[in-house]
Each structure stands twice: as C-alpha cells, then as structure tokens.
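These are the residues of each chain, in order.
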Amino acid sequence: MAVFLVCVFSLCVGVGSVAITPVESLRIIWGKLTGRGNYSGLNPSLVSILWDIRMPRVAMAFLSGGALSLSGAVMQTILQNPLASSYTLGVSSGASLGAAIVIASGISLPVLGTFLLPVTAFFMGFLVIAVVLVISSRISSSLQSHTVILMGMSVSLFVNALLTLLSSFAGNRLQQLILWQMGSFSGMRWYHVKILTPICLSGLLLLVLHSRELDILSFGDENALSLGVSVKKGKFFALVLSTLLTGAVVCFTGTIGFVDLVAPHAVRRVFGTENQKVLPLSFLFGGAFLALCDMLSRSLLAPREIPVGAVTALAGTPFFIWLYVQGGKNG
Amino acid sequence: MGKSTRAGLAGTDMNTAFEVRNLYAFYGKKRPKDSKNMVLRDVNLVIPSGSALGIIGPNGAGKSTLLRALAGIIPSEGEIYLFGEPLAEKKRREIACCCALMSQFFPVGFAYSVRKTVEMARYARGQRGMRDRIVVQRSLEEAGLQELADRPITELSGGQLQRVFFARALAQETPILLLDEPASSLDLQYQAELAELLIRWKKRQTTLPDGRTVPNTLISVCHDLSLALDLSDDLVLLKDGRVLAAGPGDQVLSRSLLQSVYGMDVPAYMLRREDFWKTLIARET
C-alpha cells in the first residue's frame, strides 16, 4: 500500500504540462522540507511549479478523495444502503445553492474575501443536512435509514429546483456557476491543504475509534439497540461527522461524485467488511484514486482541463465493473 | 405468577428478572385513542430469575412486541423493572449486559464473517481479550457453526443465519435470553440440539460484569406448543395484546382455552408429543 501511494504521488507530481522527473521532485521536496535547498542545475520556475502549484494540488486531490470516500463508507454503513452517500442527503445541493447565491449575486464581504464562497457553500450544505435530520427525527425517533434517505432525496430535489431557478437568473455568471459545480482542483494552494488536513485526520481518527459501533449499526436499529449501542446518538454522530467531511471538501472543490461510491466498495471487495479496515483504506484508496483522476484531467487534453468529476466516472466505472466481474469469478 | 412483594420501590432485586406492570405498547408516533388499537394492553407479569417462560398466542397477539418491550428497544407505557430497577433509566449497555434479544428477522447487508458477527455481541461488555475469544468460540460451537465461522453471512441459508444470530445472543453472555421463534427455520436435528442446549443453559447461571451471579432466565416466543412446553416452566397466553392466561404449562394449555383462542379443537398429541424433544435428546446422547 505504501509503495503504491509513493508511486501514485510521484506520478501525479511529475506528470503535467511541464514534466518533472521523480529525482528532481524529490530534490525539491527534500530541499523545501529541510530548508536547506540546493537547487543548482534546476530551473527556478520548475521549483515553484512543483512546490507552489502542483504539490498543493495533488495534496488537495488526495485529501478530498480520502474525505469523500470516508464519508461514503460511513453513510453506506449506517444507512445500510450501498448507494448512500452524503450527496444522497443533499450536502452537495446545499453547497451548490450556497455557491450559486454568492456567484449569481456577485456580493463580496471584505472580512471573508475569497473565502466567502467556500464558507457560504459549507454552511448551506450543513443547513440542508440539518433540515433533513430535524424532519427525519420528527418522523422516526431512531432516525430510521429509509426515512433519512427519503427525506434527504426530497429536500435535495427541492434545493436543486431552487438552484435551477437561480441559475436561470444568473445570466453571464452562469458559466462560472456550472464550472464550480463540476468541481476542479485548479488554483489550490497550501493554505487550502492546511485547512483540510486537520479536518480529515480528526474525522478519520474519530470514525476509526468508533468503527465497532459502525459495524453494529450496519445491522439495523433493532440489532444495534439490543447489542447495547445507543442508536440515535451513534447515527447522529456519524451523519454529522461525514457531512462535515464532505462539506469541507465540496466547498473548496465543487461537486465531485463517484469517488465516495467506488472507493469503499472496492475496498470492501478486496479487504473485507470490517470498518476498522474499511475506513482508513477507503481514505487512502479514494485519495489515491482522486489524485490520479485529477492528474488525468489536467494532462489528457493539456493545456485544456477536463472536469475531474467526468474523469472519476469515466475511469471509475470500468474499473468498478471489472472489480465486480473478477470478484464474481473468484467467489 | 405471584404478586409482587415490592410495592414498586426501586432497588436492586436479583431474584426478579422482570417485573411488568400495566404495560401498554403501540407502534407509530401517535398514541391510539382507543386502547383496543394498542399492541399490548395492560400486561402484568413477574418473571423470577432462574425461571423459563414461554410466550404463546395467535399471530398478531403481541408476543414479539412483548419481547421487544422487555429488551427496551421499543417505546412503551407502564413500568418494566429489570432486576428491580426501572428499565427506562438504564443505559443501553447495562441492558445489553443483562438480556440478549434474538429477533425473528436477520438483517444481512454487508458481508461480515460469521465469527465477526458473533463477536459483535461482546460490545456491551466492552472487552476484546482472550476471554472474549473463548466465549465467542464456545458460542459458535454450541450453535454448530465451527465450520462456517469464516464464511460471509451473505452466503448462508435461512436456518444457518438463525443459528448465527442465536450464537450471537449466547455470546452476549447475559443471564436473560429473549428468543423470538428460535427454531422457526431450523431442521429437525438443529431443533433438537437447540432444545437440548437451552434446557441445559437454563440450569446454569451467569456472572454479570459487576461480579454478581444470577441464575439464567429463558423467555421465548414459540409457535410450536410442544417445544414451548419442553423449554418452559410457565406459559403466558396472549391474545389481542392481553394476557389471557398465565401459569404452569399444563394449566394454560387447557383444551377449552385453546379452542377459544385458536378457534379450533387442538388435539392433545399436538401439545405434548410425549416429551418429544426430551426423548429425542435422550436417545442421541
């Protein structure tokens, strides 16, 4: 796994409109990390491309893929539905609506500056989930899975309708809005990585610590209760945490689908179902997958960029089907 | 069923597994105006520790609901005391250390192995040591699952699954077992083994995590009246959510009472196949 990750990383850092060999990248990274950089014989622009543009971008893609897959794995487990993800519950619709409001209205706040868009998107995403959870808990006190899923889907359809309405008034800002929704890692800097890293790591740690409860919750409310798990508290905790993870990613990058579905399933297929293994491996695998997809999205038709969301689905679907066909033969 | 000696005073009483007073239960958010629409109506029971109680009655009588209410997993009105303490005030883990519920439905979503599924029973006791592995292994063997231990539960038959969830209830290591139709999907051999195992189990006692030792209490819902008789000392006959009769098996299963409940003449041989399970077990051993 570690070897695989190093390979993915050097591939992602190296490939691009300006190719950088692994040796060169290692020299630059070593120099930057130790602070005793000796870049003789290297083009200074190469250093800045690698360190200031490509590295944060790869890191962001990795963290985002990891966070999305992690939250997908959790959602599938506690909602006992292999197709569930935080998107099902409307995080992305909420975040898109938030982004649309900022983009379409063109407002700006001096305090938040460039962060106005992600912050609004994040809070709108959270607001939608909060609405879904409040309505669901009114209907079923133990947050029954199908209630949560149904409410999530209807609320996100409603929010999507608002979004469509808003887009039709967006006029010349429409393209910017659509591009945001498709998701992209261009323009990611180190400060983005600094924000996302602690969120991802603490989320991963908390969820892995509670992996036993998550395992039990996958057997449904009645079983979980009789085994001694407080279902409502557990579900609420897991739902909020995975929403937080998705929200934090989506607000910076826009909507990127498919990773959260593919990565956990692939991991379960290969390594088994226990969440103690599935959660961290989904994080690593999803991260590597998204980093590779982002590398493809910026290098396939360089210098043009393909939306990374399209690449995840284009590359992910055949892989996913192959994995299932293989599994079917072996099992 | 004797009358309670305590006047509802809270306090530990390890001699009484359950005491139920004026229990009403209903599904859904709204309380039905008419108590006739409740699933359980004014149920009163005292279940001493070390006893074996069979719950019988026609479909929809509220048998499973009564078990769920005792396990504290559905909301109910009235009072339920578990070892003398109000069930509603207990933490989920405490309840799960005292009673294990094996329900009629076996949700199978993800492909956990049989052993992993059974290991989940150890959650309430919060340990992951050598002793837990021993208890899990013993439960697997008792349910005849040694050879299936590493198979994913998604690949099992209905009867095998029922044994997995039975093994899980055993592995919870509780002094009270609440079993909902424990033999409904089992073939004849496993029905006999289950009966034998439970008859042995109810003679044993269990040590709670806090060190107190309590004689085992078996509460089971059975449609097979003769199995119910073999497993239980006392029977409770439910109909339309009410307790119609309670007491020693032979008294409850009177021909006239069964006629009125099931609407048919239940012949005596259906009730006691000459200690069918016991003879079957005796012949095997």
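Here we summarise the structure given alongside this text. Being a predicted model, the structure only gives us computed values, none of them experimental.

Criteria and cut-off values
Residues numbered from 1 in each chain as written. Chains lettered and ligands numbered in written order. Predicted model: local features only at pLDDT ≥ 70, side-chain atom pairs only at ≥ 80, totals over all residues. Heavy atoms only, no water. Helix = DSSP H or I, 4+ residues; strand = E, 2+ residues; numbered from the N terminus. Buried < 20%, exposed > 50% of the residue type's maximum accessible area, 1.4 Å probe, protein only. Contact = heavy atoms within 4.5 Å. Areas by Shrake-Rupley, 256 points an atom, 1.4 Å probe, with all protein chains shown as cover. Rg over C-alpha atoms; globule rule 2.2 N^0.38 Å. Buried area = accessible area lost by both parts, 1.4 Å probe. Salt bridge = Lys/Arg side-chain N within 4 Å of Asp/Glu carboxyl O. Polar contact = N/O pair within 3.5 Å; in protein donor to acceptor, adjacent residues only side chain to side chain. Nonpolar A, V, L, I, M, F, W, Y, C, P; charged D, E, K, R; others polar. Pairing = 2+ DSSP bridges. Phe/Tyr/Trp six-rings, centres within 6.5 Å; stacked < 30°, edge-to-face > 60°. Core = buried A, V, L, I, M, F, W, Y, C linked by side-chain atoms within 4.5 Å. Lys, Arg positive; Asp, Glu negative; His and termini not counted.

Some points on the overall build of chain B
Looking only at helices and strands, chain B has 11 helices and 12 strands in total. Counting the 285 residues in chain B, one finds 54% classified as buried. Contacts in chain B between residues at least 24 apart in sequence constitute 69% of all its contacts with a sequence separation of at least 6. In the form shown here, chain B has an accessible surface area of approximately 12,800 Å², with 50% of it arising from carbon and sulfur atoms.

Some words on the overall build of chain A
The number of helices and strands found in chain A is 14 helices and zero strands. Going residue by residue from the N terminus, the α and β elements of chain A occur as α-α-α-α-α-α-α-α-α-α-α-α-α-α. Radius of gyration (C-alpha) of chain A: 21 Å, near the 20 Å computed for a compact globule of 331 residues. With the principal axes as the frame, chain A shows a C-alpha extent of 65 × 55 × 35 Å. Here chain A, with 331 residues, has 51% of them falling under the buried criterion. Within chain A, contacts between residues separated by at least 24 positions form 76% of all contacts whose residues are at least 6 apart in sequence. Accessible surface for chain A amounts to roughly 14,600 Å². Of this, 71% is attributable to carbon and sulfur atoms.

Here's the deal with the interface of chain B and chain A
You'll often see interface size given as the accessible area lost when the parts meet. Residue-level contacts link 28 residues of chain B with 26 residues of chain A. Where chain B abuts chain A, roughly 2,400 Å² becomes buried across the two surfaces, and 57% of that area is made up of carbon and sulfur atoms. In terms of surface lost to chain A, no three residues of chain B exceed F110(B), Y112(B) and Y123(B), which account for 32% of the buried area on that side. Taken together, the links from chain B to chain A amount to two salt bridges. The closest approach of N and O atoms between E222(A) and R68(B), which form a salt bridge, is 2.9 Å. Our count for the chain B to chain A interface comes out at nine residue pairs in polar contact (both at pLDDT 80 or more). For the side of chain B that touches chain A, the secondary-structure elements that each account for two or more residues are helix 2 (92–98), strand 6 (99–102), helix 3 (114–119) and helix 5 (158–171) of chain B. Residue composition of the side of chain B that touches chain A, grouped by class: 15 nonpolar, four polar and nine charged.

Some remarks on the environment of A288(A)
Residues and elements named next belong to chain A. Structurally, A288 is set in helix 13 (residues 275–299). By relative accessible area, which is 1% here, A288 ends up buried. Each C-alpha atom of the pair A288 and F4 lies 8.8 Å from the other, and the pair is 284 residues apart in sequence. Setting aside residues up to four positions removed in sequence, A288 forms contacts with F4, L5, V8 and F62.

Description of the pairing of strand 3 (residues 52–56) of chain B
All names here are of chain B. Within strand 3, five of the five residues are buried, which leaves it mostly tucked inside the rest of the structure. As defined by bridge partners, strand 3 adjoins strand 10 (residues 217–221) across four bridges and the pair is classed as parallel. Across the sheet, A52 pairs through a bridge with L218, a residue of strand 10. In this structure, strand 3 lies alongside strand 11 (residues 234–239), joined through four bridges in parallel fashion. Residue pairing across strands places G54 opposite L235, the latter belonging to strand 11.

Concerning helix 1 (residues 63–71) of chain B
Residues and elements named next belong to chain B. Burial analysis of helix 1 places nine of its nine residues in the buried class, the great majority of the element. For helix 1, the set of buried residues is K63, S64, T65, L66, L67, R68, A69, L70 and A71. Looking one or two residues past helix 1, G72 carries a phi angle of roughly 75°, positive in sign.

Some words on the packing of aromatic side chains
Geometry of an aromatic ring pair is reported as the spacing of the ring centres plus the angle between the planes. Following the criterion strictly, the structure yields seven aromatic pairs over all chains and no others. Note on F62(A) and F283(A): the rings are 6.1 Å apart at their centroids and 85° apart in plane angle, and the pair reads as edge-to-face. Taken together, the positions of F62(A) in helix 3 (residues 44–78) and F283(A) in helix 13 put the pair 221 residues apart, joining distant regions of the chain. We classify F283(A) as buried; its relative accessible area is 5%. Each residue in the set F219(A), F106(B), Y112(B) and F165(B) is aromatic and connected to the rest through ring pairs, giving one cluster.

Examining the nonpolar core
Counting 187 residues, the largest nonpolar core has F18(B), L178(B) and I219(B) as its most contacted members. Ranked by residues supplied to this core, first place goes to helix 3 of chain A with 17 residues. Excluding residues that lie within four positions of it along the chain, I219(B) makes contacts with F18(B), I47(B), L53(B), I55(B), L67(B), L70(B), I176(B), L177(B), L178(B) and L179(B).

Concerning the side chain of D180(B)
All names here are of chain B. Within the secondary structure layout, D180 lies in strand 7 (residues 176–180). There is no salt bridge for the buried D180, and the closest opposite charge comes from R68, which lies 5.7 Å off by N-O distance. A polar contact is formed between the side chain of D180 and the side chain of Q104, at a distance of 3.4 Å. Among residues more than four places away in sequence, those in contact with D180 are S64, L67, M102, S103, Q104 and V221.

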